[in-house]
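Chain by chain, the residues run as shown.
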Amino acid sequence: MAETVQPMDMEMFYRQAKYPLVKYTDMTAEMREEAMDICITAVEKYPNDMEKCTQMIKDQMDKKFGSPWHVIVGRGFAFEITYELRNMLYLFVGGTTGVLLWKM
């Protein structure tokens, strides 16, 4: 008889997904690396407080690249935005936390 394959435990998958997954960006390589570092640091520092996380990302991006930056951090959201070219980043940190960062 055929063996039954057990589905992968999603909790185990999320623990193993420690690297950031960039879904879309049009930033330059240098800006993307700095923005990713800021986002990863904020999500790791405030894993359960999305408001503080978004405020930290926004403050640092405004300081480093000029205002106005907009940030959404969450575990389930859809979006349709208008943004300035070369200023948009959408990534996942830790497998489940999505970060959307754009300048308008």
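Residues numbered from 1 in each chain as written. Predicted model: local features only at pLDDT ≥ 70, side-chain atom pairs only at ≥ 80, totals over all residues. Heavy atoms only, no water.

K.L.:
Looking at this structure, how should I read the sheet that holds strand S4 (residues 97-103)?
P.N.:
Strand pairing in a sheet is mediated by backbone hydrogen bonds. Such pairs are either parallel or antiparallel. Spatially, S1-S3-S4-S2 is the arrangement adopted by the four strands of the open sheet, whose pairing is antiparallel. Of all strands in the sheet, those bounded by a partner on one side alone are strand S1 (21-25) and strand S2 (69-74). Each neighbouring strand pair of the sheet contributes to a mean axis angle of 15 degrees, computed without reference to strand direction. Sheet analysis places S2 next to S4, joined by six bridges and oriented antiparallel. When the bridges of S4 are listed, His70 appears paired with Trp102. Relative to the sheet, helix H2 (residues 29-45) contacts S1, S2, strand S3 (88-93) and S4, its axis offset from that of S3 by approximately 40 degrees. (Pairing = 2+ DSSP bridges. Helix = DSSP H or I, 4+ residues; strand = E, 2+ residues; numbered from the N terminus. Axes fitted to C-alpha atoms, helices over the stretch in contact; angles between N-to-C directions. Contact = heavy atoms within 4.5 Å.)

K.L.:
Please explain the packing of H2 against helix H3 (residues 50-65) as it appears in this structure.
P.N.:
The description of two packed helices rests on the angle between their axes and on the distance between the axes. Contact pair H2 / H3: the axes reach a minimum separation of 9 Å and the direction vectors enclose 155 degrees. Taken together, H2 and H3 sit at an angle that is classed as roughly antiparallel. Like other packed secondary-structure pairs, H2 and H3 cross with a definite hand, here right-handed. Facing Met31, Glu34, Ala35, Ile38, Cys39, Thr41, Ala42, Val43 and Lys45 of H2, the residues of H3 in contact are Cys53, Met56, Ile57, Gln60, Met61, Lys64 and Phe65. Class assignment for the residues of the contact of H2 with H3 results in eleven nonpolar, two polar and three charged. (Parallel < 35°, antiparallel > 145°, perpendicular 65-115°, else oblique. Left-handed = near helix turned anticlockwise from the far one by under 90°. Nonpolar A, V, L, I, M, F, W, Y, C, P; charged D, E, K, R; others polar.)

K.L.:
Would you mind showing me how to read the nonpolar core here?
P.N.:
Side chains of a nonpolar character, in soluble globular proteins, are inclined to be buried together. With 21 residues, the main nonpolar core has Met27, Ile57, Met61, Leu89, Leu91, Val99 and Leu101 as its most contacted residues. Residue assignment for this core shows that the elements contributing at least two residues are H2, H3, S2, S3 and S4. Sort the elements by how many residues they give to this core and H2 lands first, with eight residues. (Core = buried A, V, L, I, M, F, W, Y, C linked by side-chain atoms within 4.5 Å. Buried < 20%, exposed > 50% of the residue type's maximum accessible area, 1.4 Å probe, protein only.)

K.L.:
What is the right way to read the environment of Lys103 from this model?
P.N.:
Note on placement: Lys103 falls in strand S4. Judged by relative accessible area, Lys103 falls into the buried class, the value being 12%. Lys103 sits 42 residues away from Met61 along the chain, and the two C-alpha atoms are 9.5 Å apart. Residues in contact with Lys103, not counting those within four places in the same chain, are Phe65, Gly66, Ser67, Pro68, Trp69, Tyr83, Glu84 and Asn87.

K.L.:
Mind showing me how you'd approach H2 here?
P.N.:
The α-helix winds at 3.6 residues per turn, so residues separated by three or four positions along the chain end up facing the same way. Spanning 17 residues, H2 covers 24 Å between terminal C-alpha atoms, matching the ideal 24 Å at 1.5 Å per step. Looking only at H2, the buried set comprises Met31, Ala35, Met36, Ile38, Cys39, Ile40, Ala42 and Val43. Packed against the buried residues of H2 are S1, H3, S2, S3 and S4. (Expected span 1.5 Å × (residues − 1).)

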